[in-house]
Amino acid sequence: MKPLHILLACLVAIAACTNNGTPVYLDPSKSVEERVADALPRLSIEEKVAMTHAQSKFSSRGVPRLGIPEVWCTDGPHGIRPEVLWDDWSQAGWSNDSCTAFPALSCLAATWDKEMSLLFGRSIGQEARYRKKDVLLGPGVNICRTPLGGRSFEYMGEDPYLAGQMVVPYVKGVQENGVAACVKHFAVNNQEVRRTATNSVVDERTLYEIYLPAFEAAVKEGGAWAIMGSYNLWNGEFNCHNHRLLNDILKGEWGFDGVVISDWGGCRDDDDAITGGLDMEFGTWTDGLHGAPSDSYNNYHLANPYLQRIADGRAGTRELDDKASRILRLIFRTSMASERHYGSFNSPEHYEAARRIAAAGTVLLKNDGVLPLSIPDGGKLVVIGENAIKKMVVGGGSSNLKTKYEITPLEALQEAFPNAQVVWERGYVGSTETSFDRVDTGEDLSESRPAGQLLADAIKATEGADAVIFIGGLNKSANQDNEGTDKLDITLPYGQDAIIETLAGVVPHLIVVNISGSPVAMPWADKVDAVVQGWYGGSETGHALADVLTGAVNPSGKLPFTLPRSLADGPLKTERQYPGIQEEGEQWWQEYYDEGVFVGYRWYSSKDIPVCFPFGHGLSYTKFEYGPAKASKSTLSCAGSFGVNEGTETVLKVSTDVRNSGERDGAEVVQLYLMPPAGDVERPVRELKGFEKLTLNAGQTGRAVMELPRRAFARFDADSHRWVVDSGTWTILVGSSSEDIRSTAEIKIN
Ligand code: GLC
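Cut-offs and rules
All residue numbers refer to position in the chain's written sequence, counted from 1. Totals for whole chains, interfaces and linings use all residues, but because this is a predicted model, local features are given only for residues with pLDDT of at least 70 and pairs of side-chain atoms are given and counted only at 80 or more. Only hydrogens and water are set aside; all other atoms, that is, all heavy atoms of the structure, feed into the side-chain values. Any residue with a non-hydrogen atom lying within 4 Å of a molecule or strand is treated as near it. Pairing of N or O atoms within 3.5 Å defines a polar contact, subject to two protein rules: one partner must be a possible hydrogen donor and the other a possible acceptor, and residues neighboring in sequence count only if both atoms are side-chain atoms. Reported accessibility uses the Shrake-Rupley method at a 1.4 Å probe radius. Residues are deemed covered only where the shown protein chains occlude them. Following the grouping adopted for this structure description, the nonpolar residues are Ala, Val, Leu, Ile, Met, Phe, Trp, Tyr, Cys and Pro, the charged ones are Asp, Glu, Lys and Arg, and the polar ones are all others, Gly among them. Each residue gets one of three labels from its accessible area relative to the maximum for its type: buried under 20%, exposed over 50%, partly exposed in between, using a 1.4 Å probe on protein chains only. A run of DSSP states H or I qualifies as a helix once it reaches four residues; a run of E qualifies as a strand once it reaches two. Both are numbered from the N-terminal end. Think of it as the arc spanned by the lines of direction from the helix axis to the C-beta atoms. For two strands to count as paired, DSSP must find a minimum of two bridges between them. Each domain span listed reflects an automatic or database assignment of domains. The criterion used for residue contact is that any of the two residues' heavy atoms lie within 4.5 Å. Salt bridges are identified by distance alone: a Lys or Arg side-chain nitrogen within 4 Å of an Asp or Glu carboxyl oxygen.

Enquirer: Run through the site of the ligand, naming residues and quoting values.
Expert: Neighbouring the ligand are 15 residues, the closest being Asp75, Arg151, His185, Tyr231 and Asp263. Arg195 places a polar side-chain atom, nitrogen or oxygen, 3.3 Å from an oxygen atom of the ligand. In the environment of the ligand, an oxygen atom lies 2.7 Å from a nitrogen or oxygen atom belonging to the side chain of Tyr231. Its free accessible area being 310 Å², the ligand has 98% of it covered by the protein chains. Among the residues forming the shell around the ligand, the class breakdown is 6 nonpolar, 2 polar and 7 charged.

As structure tokens, then:
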């Protein structure tokens, strides 16, 4: 041992003795930072390096010699993935790991309810803890830049403020259980096409105004303990070790003290892995994506190559100590936390939470009075469509789950109307697939009738019906809300549009339920009496939908993304914008975010393009009347620029009274958008900067109060790298959606 090591060993021994024999790092009465400081010098270089990379599909080594446990990760954002084999994506076939399947995060976003988000995070965090997992690989908050995005169902919509507000309670709820939330995929990972080989070319203004805020909120307000780097590149660097994104912004500007975990196989270079801000390398094989020898974990970039670089002096140990410190911090926050957590699994409370969240996220898009359903005893309800019976918790990619049970819409409607005849007709054949990663729903979706017969049978069944509901949409199969593939268009597959049009021609008051996790076109919306946006609602998806359709729950969901009339109406007009192009001399595909900040409703409203249903839209079975929007001041003196971490102080309060003028109790999401003064820099004509969900009994009046920080008025100036508030007359828009503005107010900023 070198003299320094002898000195250190003595100091450590003394330290240990002064703590009544218990080493500080093992003493739960000590702070996390004290325990990290005590543990780090006890580790050898080999032990530190071993912690920085996977030892199996979802785990990394601890320090057995010191009693420091391994780190166990699990997917995913909607529930705890079934245990997988040590070195394979397939499930291990355990009989005790069927979980509660919570709704997909696009549904959670559609609740616009921070309490629902806390309930979600708390519940899934309890399930992770019970399953002895230290890191939950979720939530995902990538912005829905294109309706084609294959994983929009796992994310929180098209607006950074909504996603930011909704991700914070989820993170806190998970982490109060001693489980780390690992917010993903950082960053500008907005498609599945060539996701491991595409360089997102995004200017810094767009990055700071649109693609970073949800992650920034998760870190600064949510206190996320982990972040997952994404597969793609930004600015020509792979995001799992992107110096600018991880070192300068995440760890530098935002002061992130947690761990950066690579996406599985997202680490692509030995040297960048050391210096580019990555702390834990996970993946399948050596280069993360392809076959390799069985000892591949030793060949990971942060494994033997790292040890070799340190040994031959090409790398120091400064970065290694930072990585090891962050990993130790993660361990002392989770598996070795001073406060012991126990969690719970498959509890009635968790299924009830799943049902409440799924119902609260259901969006009533249109209702000409045909809802809520009322079917008399002895009456006849006809349900048509494959999504009424197809179980969808299984599939979709890494968020695939094995759940104890999944209630389908048909089962729930049969339960809801026990004294009526509830008839189901398939109408069409979509997907007969029932399994993924060796998880199987057990359904038999085979069908012998030809398409024409299926439709004829459906039409015939509608005779004498008291009500007819079509339940269709997407189903998480390839190119339909599925990791690794994007949608090819936003037209409903399997000829559903034609079927809906045909049914609308023979059924007087057709109700359509679209189940999807991303925008689809609804060309038939004017020809049917009611349209409901349902989601992949998890174990209780059927009960939640029936709760809304029967009126047991008054719908209060709002769209977290725009439903455009057609893909062509959107901001992505060229191949270079999506899905990217190859360029001379460039190894990777290049995708240019030429639309800049004009994403989603920012585009449609600024260009006056009519949409099918707007961002923030959602009806109720009752009515809400808005009073005038009142601002706490008529002028603000907050013009000028400020630094990236400033501008959080409240500068204005805007309130409005809302009265439930209908017969039913309900809830309304009051939304606040800002319209800037005309100026040299092109800005969206409205941006969501506040919302509050008011629960109001029939006849009750409530007050929504939204606080605006200085940052709410700011645009990002890339040249100065500062936020800038422009002076002039601003308009405050308060309403029930991004287009249904109920009152306005003006504010002068000088
Ligand atoms: C996948 C996904 C990521 C997931 C990870 C582990 O490729 O991109 O979201 O958590 O690998 O399954």
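Enquirer: Outline helix H2 (residues 32-39), listing residues and values.
Expert: What H2 keeps buried is the set Arg35, Val36, Asp38 and Ala39. Down the axis of H2, the buried set is contained in an arc of 165 degrees. They therefore lie on one face.

Enquirer: Provide a residue-level description of unusual backbone geometry, including the pertinent values.
Expert: Here the amide bond leading from Asp75 into Gly76 is cis, since omega sits at -15 degrees, within 30 degrees of zero. Mapped onto the secondary structure, Gly76 falls in the loop between strand S2 (71-74) and helix H4 (105-111). Here the bond from Phe186 into Ala187 is cis, since omega is 0 degrees, no more than 30 degrees from zero. With respect to the helices, strands and loops of the structure, Ala187 is situated in the loop between strand S4 (180-186) and strand S5 (198-201). Within the chain, Asp437 stands out as a residue other than glycine whose phi angle is a positive 55 degrees. Structurally, Asp437 is set in the loop between strand S13 (435-436) and strand S14 (439-440).

Enquirer: Break down the sheet that holds strand S29 (residues 728-735) for me, citing the residues and quoting the values.
Expert: Strand order in the open sheet made by the 5 strands is S21-S30-S29-S24-S25, with mixed pairing throughout. The open sheet has two edge strands, strand S21 (635-636) and strand S25 (687-696), and neither has a second partner. Across 9 bridges, strand S24 (residues 666-675) lies against S25 in antiparallel orientation. Within S25, the residue paired with Gly666 across the bridge is Leu696.

Enquirer: Outline the domain arrangement of the protein, listing residues and values.
Expert: The domain architecture assigned to the protein consists of domain 1 (3-89 + 97-333), domain 2 (362-553) and domain 3 (622-749). Inter-centroid distance (C-alpha atoms) of domain 2 to domain 3 is 37 Å.

Enquirer: How would you sum up the environment of Ser518? Please name residues and give values.
Expert: Inspection of the secondary structure assignment puts Ser518 in the loop between strand S16 (511-515) and strand S17 (530-534). Given the relative accessible area of 1%, Ser518 is considered buried. Spatially, the C-alpha atom of Ser518 lies 7.7 Å from that of Leu148, the residues being 370 residues apart in sequence. Setting aside chain neighbours within four positions, we find Ser518 in contact with Pro147, Ser152, Leu474, Asp481, Lys487 and Phe561.

Enquirer: I'd love a proper account of the pattern of salt bridges, names of residues and values included.
Expert: A side chain with one charge can pair with a side chain of the opposite charge if their charged atoms come near. Summed over all chains, the structure comprises 50 salt bridges. For Asp270, the salt bridge goes to Arg309, with nearest N and O atoms at 3.6 Å. With a gap of 39 residues between them, Asp270 in helix H10 (residues 270-275) and Arg309 in helix H11 (residues 304-311) connect regions that are remote in the sequence. Judged by its relative accessible area of 22%, Asp270 falls in the partly exposed class. Residues joined by salt bridges that share partners form a network here, namely Glu386, Glu425, Arg426, Glu447, Arg449 and Asp457.

Enquirer: Give me the side chain of Glu83: which residues, what numbers.
Expert: Here Glu83 lies in the loop between S2 and H4. In this view, Glu83 contacts Trp72, Gln91, Ala92, Trp94, Asp97, Arg131 and Lys133; residues no more than four positions away in its chain are not counted.

Enquirer: Describe the sheet that holds strand S6 (residues 226-229), naming the residues involved and giving the relevant values.
Expert: Taken together, the 6 strands give an open sheet; going across it, the order is S1-S2-S3-S4-S6-S9, and neighbouring strands pair in mixed fashion. The open sheet is flanked by strand S1 (59-60) and strand S9 (259-261), the only strands paired with a single partner. Bridging between strand S3 (residues 135-136) and S4 involves 2 bridges; their strand directions are parallel. Paired with Val135 across the two strands is Ala180, which belongs to S4.

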